[in-house]
Amino acid sequence: MTDVTVVLPVYNGSQYLSQAIESILAQTFQNWELIIVDDCSADSSLKIAEGYAQRDNRIQIIHNAENQKLPKSLNIGFANAKGRYLTWTSDDNLYQSRALEVMVSFLDTHPEYGLVYCDMEYIDEAGNVISNTQKSSHNLYLSDCVGACFMYRREVAETVGGYDPNKFLVEDYDYWLRISFQYSIGRVPELLYSYRHHSGNMTAVYGKRIASKVFDLLLEYLDKISDQLDDHDFFYYCIGLLLNKPEAGQKLDELAAQRGIPFHSEKIVKHNSYDPNKRFVI
């Protein structure tokens, strides 16, 4: 039986694709299958993927007849998965050699968790380390702390369902939130993944849209998330949501009142707003 399925969606990712695949081949844990979903790339991505598939029968290629975007490509890949544990990676990122081994071991020895994630480092186009996530917030309801190095059980996917095509750009954060409402999520505080920042990646191209969609998500799941937070985190969650989605004010006031927390959305918005017609000096 295959232990791990790795899905790798690619769209015009030829620049770094070989490095991404090589990082999977170099894993200390070797009982995996790799499903590469080519989403109508116009560059040499498909040719590169096919070259690896010819050399290693654990690698399968799926070529979309039409461009499907990331959420649908993930669902297409996982529909063909045989692994008991599932994960996916990007064509411009890299696994450290022990990543799969560590996450498989965690899930094998911690049956109470549905998903596990590891810390990751950020690298530039040349592979130089910029920073890492070890000191970041690890509260999923305040930020997407799961990031790009994760693994979850097949039964979790069967329960939660597929990635939402309507959540393009935040399909991953949406998925982690949906998992968290039904399963426990664990963290391994080791740097086992390299996330590459470059001019062509999703964060660089769609940064503002992603930020907006994140707050749409937090508003959509407001009731469920508020049930998961203590009063301190709930207050700061409300502040962040309110300043980006003022239309949530009345609902936030109601939820805060139920907790006995003084929260006056109109005053907060007014205090944090500014008059664009007035000058200010820094």
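In this text, all values refer to a predicted model and were calculated from it rather than measured experimentally.

Our next topic: the overall build of the chain. Helix and strand content of the chain: eleven helices and nine strands. Against the compact-globule benchmark of 19 Å for 282 residues, the chain has a radius of gyration of 21 Å, which places it among compact chains. Overall, the chain is about 65 × 45 × 35 Å in size when its C-alpha atoms are taken along their principal axes. Counted over contacts in the chain with a minimum sequence separation of 6, partners at least 24 positions apart contribute 76%. A total of about 14,200 Å² of accessible surface is found on the chain, and carbon and sulfur atoms cover 49% of it. The centroid of the 26 positive side-chain charges in the chain is displaced by 4 Å from the centroid of its 38 negative side-chain charges.

Looking only at helix 2 (residues 45-55), the buried set comprises S45, I48, A49, G51 and Y52. For helix 2, the buried positions fall inside an angular range of 155 degrees around the axis, keeping them on one side. Among the exposed residues of helix 2, those oriented more than 90 degrees off its buried face are K47 and Q54. In this structure, the buried side of helix 2 is in contact with strand 1 (4-10), helix 1 (14-25), strand 2 (32-38) and strand 3 (59-63).

With that settled, the discussion passes to the packing of aromatic side chains. Counted by the stated rule, this structure contains 17 aromatic pairs. A ring pair is formed by Y141 and F181, whose centres lie 6.3 Å apart and whose planes are at 5 degrees; its orientation type is stacked. Taken together, the residues span a long stretch of sequence, with Y141 in the loop between strand 7 (129-132) and strand 8 (150-153) and F181 in the loop between helix 6 (171-180) and strand 9 (184-196) at a distance of 40 residues. Residue Y141 is classed as buried on the basis of its relative accessible area of 9%. Seen from their ring centres, F150 and Y152 are 6.4 Å apart, and the 15 degrees between their planes marks the pair as stacked. By relative accessible area, which is 1% here, F150 ends up buried. Look at Y152 and you get buried, because its relative accessible area is 0%. Site record: aromatic cluster; members linked through ring pairs are F78, W88, F150, Y152, Y163, Y175 and W176. Above the face of the F234 ring, R259 is positioned so that its terminal group lies 4.2 Å from the ring centre.

Definitions and cut-offs
- Sequence order as written defines the numbering, with residues in each chain counted from 1.
- Under the rules for a predicted model, residues below a pLDDT of 70 receive no local features and side-chain atom pairs below 80 are neither given nor counted, while totals for whole chains, interfaces and linings still include all residues.
- Heavy atoms throughout the structure, all of them, feed into the side-chain values; hydrogens and water do not.
- Starting at the N terminus, helices and strands are each numbered in turn, a helix being any DSSP run of H or I of at least four residues and a strand any DSSP run of E of at least two.
- Only C-alpha atoms enter the radius of gyration, while the globule expectation follows 2.2 Å times N to the 0.38, with N the number of residues.
- Residue contacts are counted whenever heavy atoms from the two residues lie within 4.5 Å of one another.
- Here the open area of atoms and residues is found with the Shrake-Rupley method and a 1.4 Å probe, where only the protein chains shown may cover a residue.
- When charges are counted, Lys and Arg contribute as positive and Asp and Glu as negative, whereas His and the chain ends are disregarded.
- Taken as the charge location is NZ of Lys, CZ of Arg, CG of Asp or CD of Glu.
- Buried residues are those whose accessible area, probed at 1.4 Å on protein chains only, stays under 20% of the maximum for their type, while exposed residues exceed 50% and partly exposed ones sit between those limits.
- Read the arc as the range of directions from the helix axis to the C-beta atoms.
- Here the aromatic set is Phe, Tyr and Trp, taking the six-membered ring for Trp, and pairing holds for ring centres within 6.5 Å; pairs whose planes are under 30 degrees apart are stacked, those over 60 apart are edge-to-face, and all others are tilted.
- Two limits define a charge over a ring: the Lys NZ or Arg CZ must be within 6 Å of the ring centre, and within 35 degrees of the ring normal.

These figures come from the coordinates and say nothing about function on their own.
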